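The chain contents come next:
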Amino acid sequence: MDDLITQITAHYNYWMVIILMMIGLYITISRGNLIKKIVGLNIFQTSVFMFYISMGKVTGGTAPILTGNPDEVYSNPLPHVLILTAIVVGIATTSLALALAVRIREAYGTIEEDELLTIERDAEAAEDKI
Amino acid sequence: MPQFIAQHLPILQVIVPLIAAPFCALISVRNGAWWLAFVTSLVTFAISVLLFAATFDGEIISYHLGGWAPPIGIEYRVDMLNAFVLTIVSGTGVLTLLYARASVAHEVDAKQHGLFYTAFVLCLTGLLGVTITGDAFNVFVFLEISSLATYAIVASGAKTDRRALTAAYNYLIMGTIGATFFVIGLGLLYMITGTLNMADLAQRLLEHGDSRTLRMGYAFILVGLGLKLAMFPLHQWLPNAYTYAPSAVSAFLSATATKVAIYVLLRFLFSVFGFSIPFEADILFLVVLPLALAGSLIGAYIATYQDNLKRLLAYSSISQIGAMLIGVSMLSASGLMAAIIHLFNHAVTKASLYMVAGAYAKEAGTVSIRELRGVGRDMPFTTAAFVVGGMSLIGIPLTVGFISKWYLVEAALMRGWWPVVIVIVVSSLIALIYVGKFIEAAYMHPAPQGIIRREAPLTMLIPMWIFAGLSLFFGINSSLTSEAAARAAQGLVAASSLIWQ
């Protein structure tokens, strides 16, 4: 029992990452509303940001600032820098997805996936009749 | 050429289109955006030809960004395989842009042209960057630059058909999940090794040996790239995206985007993971090979039922991607060579075929096979290009398709994989059905009444026939491509730690 508890608590950050990741992925796949899908995608990406950030943590380490003390223990800054780039990519993706959702609303009058599928199926059936 | 430029060729390959892209949106002169994009693509093509020539005798160019030596700094590393893929991408860029002028004028609103070419050049930048870089995280960044630009240019097909918007949206969701999986995999590799330089990663992974983290990293990267390269059954985004995108975009993407993703897969499998643990080779054999076989059959099978010519070609792409993955998962130098040569051959063939579809869309106003009855008489040159490309898809001798099928079958026989040979032959026979279906409609049936169709303009015919001509030329004399593919395969084999039979 103690083993199990240490197993869980020692990997606390990974559990959180996995839970967030699964929530995000589930929303992206299961929701029919295009905006909700984007929100799900955001949660999914955020879990990866957390994964990278917690990865760089060194126990007892401070912020990676040059203090002049050669024995200073500091956290690994590289994953943080990497994830800054990934956050920028995530923002670009979100804004593009939202812009597409706006255009889809203008063109179809709905952002519900099932209604979009019905409209597209009808369009395909109409093409087949020609 | 000045020494200064020669030294900095690898970075110029990426920087030139990256800087040119925003100016495409700012130029307000009529057709100015197109001219700038076209000139940019010519420059990038010249650079990649120079790099190709420099690496052809086996030399590896290592360029250190900002003078920081790897593994701390970012390294651009050009070898035979890179240079080969760079040439394919930038060459396709030049020809599709030449083609795009007439085609895009028809399919995209005039006021969007500046932004369209901006996104197009950004997409080119991303694809070139993915190919040239030797840094694993850089691959992700460039992959996303190219993907985001791709979603935008796919959506710009909305003037012709609003379904382009939903296609782009679905592509965005799937593509982002793929890219995020790739980043998770990279994170796991970084946890093990503490480095992101590919050569350094390979070295440290070899010393590291087996662990669950490594296996997870491998799985995430494989699935992420599988989504990006439309590996069956992760291909759901591809048919709609290629069908509703503007034709020039379909031609460009089919020849470059999935090919670059396959390149990244090869680079990671052989140069980074290097099969240092048996698990990696097992997954390739147990998971990727069956999926590739299924994809090459099912993709071809679904293609036979399509009435929309562009959708037919999209499903055919899925089948051909399956063929490339079969070559990769053979894990032999000859299988790898077959995959790499097919990468070039399929790029050339599919680009010409999509250009044909675009010419129909412009001149006949439709890509429905039924409505294109008798088009062979009205648009003889365009339809003849389709016949050449179609023969190459089937793999008839004297076309490039035959060359790649030949090497693929030969590689399968060398491993004694008879069932694989049968699958390759059967999928070629199914290709005969779907190509034959269109050719029959185009030549054997009378045209529907009251429809006037003119031959496509020269700016569309020339790039179309350059691709068709290439697929004949390299089908007759394949010494250059097979030599390049063989050397690229040798390079990958030498980098991995597989023991070859």
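Calculation rules
- Residues numbered from 1 in each chain as written.
- Chains lettered and ligands numbered in written order.
- Predicted model: local features only at pLDDT ≥ 70, side-chain atom pairs only at ≥ 80, totals over all residues.
- Heavy atoms only, no water.
- Helix = DSSP H or I, 4+ residues; strand = E, 2+ residues; numbered from the N terminus.
- Rg over C-alpha atoms; globule rule 2.2 N^0.38 Å.
- Contact = heavy atoms within 4.5 Å.
- Buried area = accessible area lost by both parts, 1.4 Å probe.
- Salt bridge = Lys/Arg side-chain N within 4 Å of Asp/Glu carboxyl O.
- Polar contact = N/O pair within 3.5 Å; in protein donor to acceptor, adjacent residues only side chain to side chain.
- Buried < 20%, exposed > 50% of the residue type's maximum accessible area, 1.4 Å probe, protein only.
- pLDDT = per-residue confidence, 0-100.
- Pairing = 2+ DSSP bridges.
- Phe/Tyr/Trp six-rings, centres within 6.5 Å; stacked < 30°, edge-to-face > 60°.
- Lys NZ or Arg CZ within 6 Å of the ring centre and 35° of its normal.
- Disulfide = S-S within 2.5 Å.
- Core = buried A, V, L, I, M, F, W, Y, C linked by side-chain atoms within 4.5 Å.
- Expected span 1.5 Å × (residues − 1).
- Bend = angle between axes of the 7 residues up to and from the residue.
- Axes fitted to C-alpha atoms, helices over the stretch in contact; angles between N-to-C directions.
- Parallel < 35°, antiparallel > 145°, perpendicular 65-115°, else oblique.
- Nonpolar A, V, L, I, M, F, W, Y, C, P; charged D, E, K, R; others polar.
- Patch = residues over 30% accessible without salt bridge, like charges linked within 9 Å, V, L, I, M, F, W, Y side chains within 5 Å.
- Areas by Shrake-Rupley, 256 points an atom, 1.4 Å probe, with all protein chains shown as cover.

### Concerning the overall build of chain B
Argument step 1. Broken down by element type, chain B carries 20 helices and two strands.
Argument step 2. Its C-alpha atoms give chain B a radius of gyration of 21 Å, near enough to 23 Å, the size a compact globule of 501 residues would have.
Argument step 3. Summarising its shape, the C-alpha atoms of chain B cover approximately 70 × 55 × 40 Å along the three principal directions.
Argument step 4. Summarising the internal contacts of chain B: among those between residues at least 6 apart in sequence, 80% fall at separations of at least 24.

### A few points about the interface of chain A and chain B
Frequently, the measure chosen for interface size is the accessible area that the parts lose on association.
Argument step 1. Counting residues at the interface gives 39 residues for chain A, matched by 36 residues for chain B.
Argument step 2. Carbon and sulfur atoms supply 74% of the area buried between chain A and chain B, which totals about 3,200 Å² over both sides.
Argument step 3. Between chain A and chain B we count one salt bridge in total.
Argument step 4. Close ionic contact of E124 of chain A with R163 of chain B constitutes a salt bridge, the shortest N to O distance being 3.7 Å.
Argument step 5. For the pair chain A and chain B, the interface holds eight residue pairs in polar contact (both at pLDDT 80 or more).
Argument step 6. Elements that contribute at least two residues to the side of chain A that touches chain B include exactly α2 (12-30), α3 (34-55), α4 (78-108) and α5 (113-129) of chain A.
Argument step 7. A total of 15 residues in the side of chain A that touches chain B trace back to one element, the largest contributor, which is α4 of chain A.

### So, unusual backbone geometry
Residues and elements named next belong to chain B.
Argument step 1. In this structure, the amide linkage connecting F232 to the following residue, P233, adopts the cis form with an omega of 0°.
Argument step 2. Looking at where P233 falls in the secondary structure, it is placed in the loop between α9 (212-228) and α10 (237-244).
Argument step 3. Backbone geometry places L331, a non-glycine residue, at a positive phi of 55°.
Argument step 4. Looking at where L331 falls in the secondary structure, it is placed in the loop between α13 (309-329) and α14 (333-363).

### Description of the pattern of salt bridges
All names here are of chain B.
Argument step 1. The tally for this structure, following the rule as stated, stands at 13 salt bridges over all chains.
Argument step 2. Of the charged contacts in the structure, one is a salt bridge between R204 and D200, with a shortest N-O distance of 3.2 Å. Taken as a pair, R204 and D200 lie in helix α8 (residues 198-208) at a separation of four residues, close to a single helical turn.
Argument step 3. Among the residues examined, R204 registers a relative accessible area of 32% and is labelled partly exposed.

### A short note on the confidence of the model for chain B
Argument step 1. Counting all residues, the mean pLDDT for chain B is 88, and 99% of those residues have values of 70 or more.
Argument step 2. For chain B, the element scoring lowest by mean pLDDT is helix α1 (residues 3-7) of chain B, at 78; helix α6 (residues 136-155) of chain B scores highest, at 92.

### Side note on the pairing of strand β1 (residues 61-64) of chain B
Residue and element names in this part refer to chain B.
Argument step 1. Burial along β1 is one-sided: I61 and Y63 are buried, while S62 and H64, pointing the other way, are not.
Argument step 2. Bridge count between β1 and strand β2 (residues 75-78): four bridges; the pairing is antiparallel. Opposite Y63, over in β2, you have Y76 as the bridge partner.

### Concerning the packing of aromatic side chains
Residues and elements named next belong to chain B.
Argument step 1. Scanning the model with the defined rule gives 29 aromatic pairs over all chains in all.
Argument step 2. For the ring pair F116 and Y117, a centre distance of 5.3 Å and an interplane angle of 85° mean the geometry is edge-to-face. For the pair F116 and Y117, a shared accessibility class is recorded, and that class is buried.
Argument step 3. Judged by centre distance (6.1 Å) and plane angle (45°), the ring pair of F116 and F120 falls under tilted. Remark: F120 and F116 occur in helix α5 (residues 113-132); sequence separation between them is four residues, near one turn of the helix.
Argument step 4. Taken together, the ring pairs connect F52, F56, F84, F344, F473 and F474 into an aromatic cluster.
Argument step 5. Lying over the aromatic face of W34, R101 brings its terminal NZ or CZ to 4.8 Å of the ring centre.

### Some words on the state of the cysteines
Argument step 1. For the structure on display, the rule yields zero disulfides over all chains.
Argument step 2. Residue C123 of chain B stays outside any disulfide, its sulfur separated by 13 Å from that of C24 of chain B, the closest cysteine.

### Notes on the nonpolar core
When a protein is soluble and globular, its nonpolar side chains tend to lie buried together.
Argument step 1. By size, the foremost hydrophobic cluster in this structure holds 216 residues, and its most contacted members are Y52 of chain A together with Y117, F268 and I340 of chain B.
Argument step 2. Here F268 of chain B is in contact with A136, F182, L186, M198, I221, F273 and G274 of chain B, once residues within four sequence places are set aside.

### Details of helix α11 (residues 247-273) of chain B
Residue and element names in this part refer to chain B.
Argument step 1. Taking 1.5 Å as the rise per residue, α11 with 27 residues should run 39 Å; its terminal C-alpha atoms sit 37 Å apart, in good agreement.
Argument step 2. At L253, α11 shows its maximal bend, which comes to roughly 40°.
Argument step 3. Counting buried positions along α11 gives 27 out of 27 residues, so the element sits mostly inside the fold.

### Focus on the side chain of T55 of chain B
Argument step 1. As for its placement among the helices and strands, T55 of chain B is situated in helix α3 (residues 32-55).
Argument step 2. A distance of 2.9 Å separates a polar atom in the side chain of T55 of chain B from the backbone oxygen of L51 of chain B.

### Points about the side chain of D79 of chain B
Residue and element names in this part refer to chain B.
Argument step 1. Along the polypeptide, D79 turns up in the loop between β2 and α4 (80-107).
Argument step 2. At 3.0 Å, the side chain of D79 and the side chain of R267 are in polar contact.
Argument step 3. Each residue touching D79, except ones within four places of it in the same chain, is listed here: T55, E59, I60 and R267.

### Description of the packing of α13 of chain B against α14 of chain B
Residues and elements named next belong to chain B.
Argument step 1. Taken N-terminus to C-terminus, the directions of α13 and α14 make an angle of 175°; their axes are 9 Å apart at the nearest point. The angle between α13 and α14 falls in the class roughly antiparallel. Facing α13, whose interface residues are L309, K310, L313, A314, S316, S317, Q320, A323, M324, G327 and V328, α14 presents G335, L336, A339, H342, L343, H346, K350, L353, Y354, A357 and Y360.
Argument step 2. Split into classes, the residues belonging to the contact of α13 with α14 amount to 13 nonpolar, seven polar and two charged.

### What to know about α4 of chain A
Argument step 1. With 31 residues, α4 of chain A should reach 45 Å at 1.5 Å per residue; the first-to-last C-alpha distance of 45 Å fits that figure.
Argument step 2. Positive phi shows up at G109 of chain A, right after α4 of chain A, with a value of about 80°.

### Details of a nonpolar patch on the surface
Residues and elements named next belong to chain A.
Argument step 1. Together, L4, I8, Y12, W15, M16, I18, I19, M22, I23 and M50 make up an exposed nonpolar region whose accessible area comes to about 940 Å².
Argument step 2. Contributing elements (two or more residues each) for the nonpolar patch: α1 (2-10) and α2.
Argument step 3. The element that contributes the greatest number of residues to the nonpolar patch is α2, accounting for seven residues.
Argument step 4. Checked against the element boundaries, M50 lands in helix α3.

### Thoughts on the environment of V49 of chain B
Argument step 1. Looking at the element boundaries, V49 of chain B is found in helix α3.
Argument step 2. Through-space distance from the C-alpha of V49 of chain B to that of T87 of chain B is 6.1 Å; in sequence the pair is 38 residues apart.

### Brief notes about the environment of A83 of chain B
All names here are of chain B.
Argument step 1. Its location among the elements puts A83 in helix α4.
Argument step 2. Between the C-alpha atoms of A83 and F56, which are 27 residues apart in sequence, the distance is 8.5 Å.
Argument step 3. Not counting the four nearest positions on each side in its chain, A83 is found in contact with L51, F52, T55 and V78.

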